[in-house]
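Spelled out, the chains give:
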Amino acid sequence: MAIRDGIHTTNYDATFIEVADDCPVPEATVPVDRGSAPSIATMQFEMIAAHPYAFTSDEVIFEVFAERAGIPADQRPAAREEYFSVGRACLRASPLGKRWGWGVHSDGDGRVAVVPLGSPEYDRLRESADVAHLKAMRSSRS
């Protein structure tokens, strides 16, 4: 997490978040919901996969939070300012990289796309010297 212009941010520029070392799947899987409401993983996946490189991490994380919290559209600008007045977990903590096998690539402008584990694009980004490399957070402490 970083602070830019006095506001906390989860955005990364030119960075590839690889799946966690303890990710249980050998290749990317579309998130599956367990209950009646869509999961955070499903909401993040649908938003990013449908619009690659259209949103920043901050936009994805806040919009998923706002939808789940039922914040009306006209109240979202103020809610977003309040939400990012403190540090928030970035996409390294997302279930996409921890459980479902999706890497997250941030371009030079901080816009994100999901990249499936097991794909040539994932392998290319994992080996690329043109991006910073981070790992999704492990699910277990061991």
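The following paragraphs examine the structure supplied in this document. (Residues numbered from 1 in each chain as written. Predicted model: local features only at pLDDT ≥ 70, side-chain atom pairs only at ≥ 80, totals over all residues. Heavy atoms only, no water.)

1. Considering the overall build of the protein
- In terms of helices and strands, the protein carries 5 helices and 6 strands.
- Each helix and strand of the protein, ordered N terminal to C terminal, gives the series β-β-β-α-α-α-α-β-β-α-β.
- The C-alpha radius of gyration computed for the protein amounts to 15 Å, which stays within 12% of the reference 14 Å derived for 142 residues, consistent with globular compactness.
- On the principal axes, the C-alpha backbone points of the protein span a range of 40 × 40 × 35 Å.
- The buried share of the protein, taken over its 142 residues, is 40%. (Helix = DSSP H or I, 4+ residues; strand = E, 2+ residues; numbered from the N terminus. Rg over C-alpha atoms; globule rule 2.2 N^0.38 Å. Buried < 20%, exposed > 50% of the residue type's maximum accessible area, 1.4 Å probe, protein only.)

2. Comments concerning the packing of helix α1 (residues 40-50) against helix α2 (residues 57-69)
- At a closest axis distance of 10 Å, the pairing of α1 and α2 adopts a crossing angle of 130°. Judged by the angle between their axes, α1 and α2 are oblique. The handedness of the crossing between α1 and α2 is right-handed. Residues Ile 40, Met 43, Gln 44, Met 47 and Ile 48 of α1 form the contact with α2, whose own contacting residues are Glu 59, Val 60, Ile 61, Glu 63, Val 64, Glu 67 and Arg 68.
- A per-class count over the contact of α1 with α2 returns 7 nonpolar, 1 polar and 4 charged. (Axes fitted to C-alpha atoms, helices over the stretch in contact; angles between N-to-C directions. Parallel < 35°, antiparallel > 145°, perpendicular 65-115°, else oblique. Left-handed = near helix turned anticlockwise from the far one by under 90°. Contact = heavy atoms within 4.5 Å. Nonpolar A, V, L, I, M, F, W, Y, C, P; charged D, E, K, R; others polar.)

3. Remarks on empty space enclosed by the protein
- Considering all chains together, one arrives at 1 cavity of 30 Å³ or more under this definition.
- In this structure, the largest cavity encloses a volume near 30 Å³.
- If you trace the largest cavity, you find it lined by Thr 10, Tyr 12, Ile 17, Ser 57, Leu 91, Val 104, Ser 106 and Val 112.
- Classifying every residue of the lining of the largest cavity by side-chain character gives 5 nonpolar, 3 polar and no charged. (1 Å grid on protein atoms, 1.4 Å probe; cavity = no way out; pocket = protein on both sides within 12 Å on 5 of 7 lines; lining within 4 Å. Points joined across faces, edges and corners; volume = space filled by probe spheres on them.)

4. Here we look at the sheet that holds strand β3 (residues 15-18)
- Read from one edge of the open sheet, 4 strands run β5-β4-β3-β6, paired in mixed fashion. A strand with exactly one partner marks an edge of an open sheet, and here the two such strands are β5 (112-116) and β6 (132-135). Strand-to-strand twist of the sheet, defined as the mean angle between neighbouring strand axes without regard to direction, takes the value 25°.
- Helix-sheet contacts for α1 involve β4 (102-106) and β5, and the interaxial angle to β5 is about 105°.
- Against the sheet, helix α5 (residues 120-127) makes contact with β3, β4, β5 and β6, and its axis sits at roughly 115° relative to β3, the strand it touches most. (Pairing = 2+ DSSP bridges.)

5. Let's talk about the side chain of Thr 9
- Here Thr 9 shows up in strand β2 (residues 7-9).
- Within the local environment of Thr 9, its side chain forms a polar contact with the backbone nitrogen of Asn 11, the two atoms lying 3.1 Å apart.
- Only 2.7 Å separates the side chain of Thr 9 from the side chain of Asp 58, close enough to count as a polar contact. (Polar contact = N/O pair within 3.5 Å; in protein donor to acceptor, adjacent residues only side chain to side chain.)

6. With respect to the pairing of β4
- Of all 5 residues in β4, 5 are buried, a share of seventy percent or more.
- Of the strand pairs in this sheet, β3 and β4 are connected by 3 bridges, and their pairing is antiparallel. Note on β4: the bridge partner recorded for Phe 16 is His 105.
- Linking β4 back to β5 in an antiparallel pair, the connection comprises 5 residues, with Gly 110 at a positive phi of about 80°.

Purely geometric stuff here, so don't read any function into it on its own.
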